[in-house]
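Descriptive structure summary
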Amino acid sequence: MEQFDIAIIGAGPGGYVSAIHAAKSGMKVALVERDKVGGACYNVGCIPSKILLEHSKLVQEIQRGNDWGIETPVVNVNFPRLMQRKNTIVQELLENIEQYIASNHITFYRGEASVAADLTVTVGQETFVAKDIILATGSKPFVPPFKGLENSSYYTTDTFFDMEELPQQLTIIGGGVIAVEMAFSLAPLGTKVTMLNHSEDILQTEEPDARPIIRKKMKNIGIELVTNFQFEQFNGNEIHTSKGIYTYENLLFATGRRPNTEIAQQLELDFDGRLIAVNKHYETSLPHIYAIGDLVGGYQLAHAASAEGIYVVDYILGAKRALVDQALIPRCVYTHPEIATFGLLEDQVHQAYTIKMPINTNPKALMEGNVEGFVKLVVTKEEGYILGACVVADGATEILNAILATKNASGTVNELANMIFPHPTVSEHIGDAAKAVFGKAIQQ
Ligand code: FAD
């Protein structure tokens, strides 16, 4: 039976990144994937959703150009061509991953893996053994068991990106990051979007100050948002709620995800609610079996899964390194404007100092016509340690990195305040927000 140093089950951003890191660290690696490499992120998640969002951003920019005097009489959206572009980019990225797997001499098994407690792995007719195993089997969409739903047809994010025609109408159930991003990706292209979110507000995991900005933009681009109600039942293309009946042509559920725990159940691993229970080193209740990514607690994000996988490989190899710190995992919402956050929010800390600088005075933001947003810093009162930050701006997902890099390099708000940012940039607002902590902001 072939023996490996490490076997990794699942080739999403948790699994394939762990495999490459292990191979580059000198380990003999087996990687198993039952579907396409890249996992949810590349095939039905981060990448396709962000490509659609780029298209919708471009449409909005063309419309803005018209307001400024760059006149385009008609904007025609050729949806099949947009989807073709999406498919081409995804295909190129998947081929890159396959190429990295091959060039790092990782033994790739295609098929459904099962794992035994003695660390043997079976894929179809093949069986091999590994000294350590990482479970990185990810998650799948969750659809609540609503009354009458069995007679309705609907999309989840697993099926939505295969759409060939631009839907004239789309009702989205949900109000989290994925639901809101999907609404932003289609409304500017011409789809009439209704979002039904039974709780009080959208984006409840995000910075509260960011939500009104996004709600206002949703209204501007014609998204109908319905909140604060109870679902009663589904009846054909009707959704009966405590606020009335809503009809739909197309229905998308973006109501969360559930971990793929078949292997964990076979192994009778300990669970923490629906997730696999792990310690701070991602060890499960069975020796030499680890779990990462969407299978375990913490942020369910691609870069979190990759960071956890790299940590586990280094831990197995005995490398001394810091634990994965949830406070250093950035989380991004690719709406227009974007929201980018890390660490603690204002309402999660006591004894902290919070500064918020709206970006409407920032020269670059004004030039670009993107003045809705802010830079927010949460720092300790005495030492100025950066506890958290949130940037709401066009390009916020790139801009945040200046603050994150400072924190990663053990910098405080003092270093941010003294940093020389290029002018004009939206990022220079970070410097001014940091100066504001000392009462020395220029633009205040
Ligand atoms: P997955 O990516 O789910 O990969 C798991 C892999 O394991 C899959 O390929 C699966 O086929 C395979 N597998 C499962 N069981 C077996 C088995 N028994 N044998 C062999 N293979 C198996 N995150 C971000 O960071 N940024 C974003 O912008 C973002 N946008 C998103 C948008 C959408 C619409 C969705 C749905 C998700 C988004 N996410 C985003 C979340 C991100 O996709 C996940 O957090 C990430 O993919 C988790 O990685 P993973 O490796 O844990 O699991």
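Residues numbered from 1 in each chain as written. Predicted model: local features only at pLDDT ≥ 70, side-chain atom pairs only at ≥ 80, totals over all residues. Heavy atoms only, no water.

Moving on, we get to unusual backbone geometry. With glycine set apart, most residues show a phi of negative sign, and most peptide bonds adopt trans. Following His336, the chain continues into Pro337 via a peptide bond in cis, with omega recorded as 5°. Considering the arrangement of structural elements, one finds Pro337 in the loop between strand 19 (331-333) and strand 20 (338-343). Cis geometry marks the peptide bond from His423 to Pro424, where omega comes out at -5°. In the Ramachandran plot, Leu203 falls in the positive-phi region, its phi being about 50° despite a non-glycine side chain. (Helix = DSSP H or I, 4+ residues; strand = E, 2+ residues; numbered from the N terminus.)

What follows is about the pairing of strand 1 (residues 2-9). In terms of strand pairing, strand 1 meets strand 6 (residues 126-135) through 7 bridges, oriented parallel. Note that in strand 6 the partner of Gln3 across the bridge is Val129. With 4 bridges joining them, strand 1 and strand 2 (residues 29-33) adopt parallel strand pairing. Bridge assignment links Ile9 to a residue of strand 2, and that residue is Val32. The β-α-β motif built from strand 1, the intervening helix 1 (residues 15-24) and the parallel element strand 2 has right-handed crossover chirality. (Pairing = 2+ DSSP bridges. Right-handed = clockwise from strand over helix to strand, strands pointing away.)

As a structural note, the neighbourhood of the ligand is formed by 38 residues, with Gly14, Glu33, Lys50, Asp294 and Ala302 the closest of them. Separating an oxygen atom of the ligand from a side-chain N or O atom of Asp294 is a distance of 2.9 Å. The backbone of Leu301 places a nitrogen or oxygen atom 3.3 Å from an oxygen atom of the ligand. Protein chains bury 94% of the 1,000 Å² of accessible surface belonging to the ligand in isolation. Elements that contribute at least two residues to the shell around the ligand include exactly strand 2, helix 2 (39-44), helix 3 (46-68) and helix 9 (302-316). (Near = heavy atom within 4 Å. Polar contact = N/O pair within 3.5 Å; in protein donor to acceptor, adjacent residues only side chain to side chain. Areas by Shrake-Rupley, 256 points an atom, 1.4 Å probe, with all protein chains shown as cover.)

Bringing the packing of helix 3 against helix 4 (residues 79-103) into the picture now. Where helix 3 meets helix 4, the closest approach of the two axes is 10 Å, and the angle between their N-to-C directions is 140°. Looking at the two axes, helix 3 sits oblique to helix 4. Here the hand of the crossing between helix 3 and helix 4 comes out right-handed. On helix 4, the residues that touch Ile47, Pro48, Ile51, Leu52 and His55 of helix 3 are Leu82, Met83, Arg85, Lys86, Ile89, Val90 and Leu93. (Axes fitted to C-alpha atoms, helices over the stretch in contact; angles between N-to-C directions. Parallel < 35°, antiparallel > 145°, perpendicular 65-115°, else oblique. Left-handed = near helix turned anticlockwise from the far one by under 90°. Contact = heavy atoms within 4.5 Å.)

Each aromatic ring pair is summarised here by two numbers: the centre-to-centre distance and the angle between the ring planes. The full count for this structure, using the stated rule, is 16 aromatic pairs. Judged by centre distance (6.1 Å) and plane angle (75°), the ring pair of Tyr16 and Tyr42 falls under edge-to-face. Taken together, the positions of Tyr16 in helix 1 and Tyr42 in helix 2 put the pair 26 residues apart, joining distant regions of the chain. Note on Tyr16: relative accessible area 9%, which makes it buried. Directly above the ring of Phe142 sits Arg258, whose terminal nitrogen or CZ lies 3.7 Å from the centroid. (Phe/Tyr/Trp six-rings, centres within 6.5 Å; stacked < 30°, edge-to-face > 60°. Buried < 20%, exposed > 50% of the residue type's maximum accessible area, 1.4 Å probe, protein only. Lys NZ or Arg CZ within 6 Å of the ring centre and 35° of its normal.)

Read across the sheet, 3 strands follow the order 11-12-13 without closing on themselves; strand pairing throughout is antiparallel. Both outer strands of the open sheet, strand 11 (231-235) and strand 13 (244-247), are each paired with one neighbouring strand and no more. Averaged over all pairs of adjacent strands, the angle between strand axes in this sheet comes to 20°, irrespective of strand direction. Bridge count for strand 12 (residues 238-241) against strand 13 is 4 bridges, and the pairing is antiparallel. Each residue of the ladder has a partner; that of Ile239, found in strand 13, is Tyr246.

On to the nonpolar core. Soluble globular proteins tend to bury their nonpolar side chains together. Counting residues in each nonpolar core, the largest one holds 58 residues, and the members touching the most others are Ile9, Val29, Val115, Val121, Phe128, Ile133 and Leu135. If we skip the residues at most four places from it in the chain, Val115 touches Ile9, Thr120, Val121, Ile133, Leu135, Ile263, Gln266, Leu267 and Ile289. Formed by 37 residues, the second largest nonpolar core is a distinct cluster that contains Leu82, Ala179, Phe184 and Ile223. (Core = buried A, V, L, I, M, F, W, Y, C linked by side-chain atoms within 4.5 Å.)

Along the chain, Asn250 falls in the loop between strand 13 and strand 14 (251-253). Distance from Asn250 to Gln168, taken between C-alpha atoms, is 8.4 Å for residues 82 residues apart in sequence. At 2.9 Å, the side chain of Asn250 and the backbone oxygen of Gln169 are in polar contact.

A word on the pairing of strand 2. Counting buried positions over the 5 residues of strand 2 gives 5, a clear majority of the element. Going residue by residue along strand 2, you find Val29, Leu31 and Glu33 tucked away on one face and Ala30 and Val32 tucked away on the opposite face as well. Both strand 2 and strand 3 (residues 107-110) contribute to a ladder of 4 bridges, which runs parallel. For Leu31, the partnering residue across the bridge sits in strand 3 and is Phe108.

The next point concerns the side chain of Glu206. The residue Glu206 is located in the loop between strand 9 (192-197) and helix 7 (210-220) in this model. One buried charged side chain, Glu206, makes no salt bridge at all; its nearest oppositely charged neighbour is Arg331, positioned 4.3 Å away. Here Glu206 is in contact with Val177, Arg211, Arg331, Val333, Thr341 and Leu345, once residues within four sequence places are set aside. (Lys, Arg positive; Asp, Glu negative; His and termini not counted. Salt bridge = Lys/Arg side-chain N within 4 Å of Asp/Glu carboxyl O.)

What follows concerns the domain arrangement of the chain. By domain assignment, the chain separates into domain 1 (2-141 + 258-326), domain 2 (149-253) and domain 3 (337-437). If you average the C-alpha positions of domain 1 and of domain 3, the two centres end up 30 Å apart. (Domains from an automatic or database assignment.)

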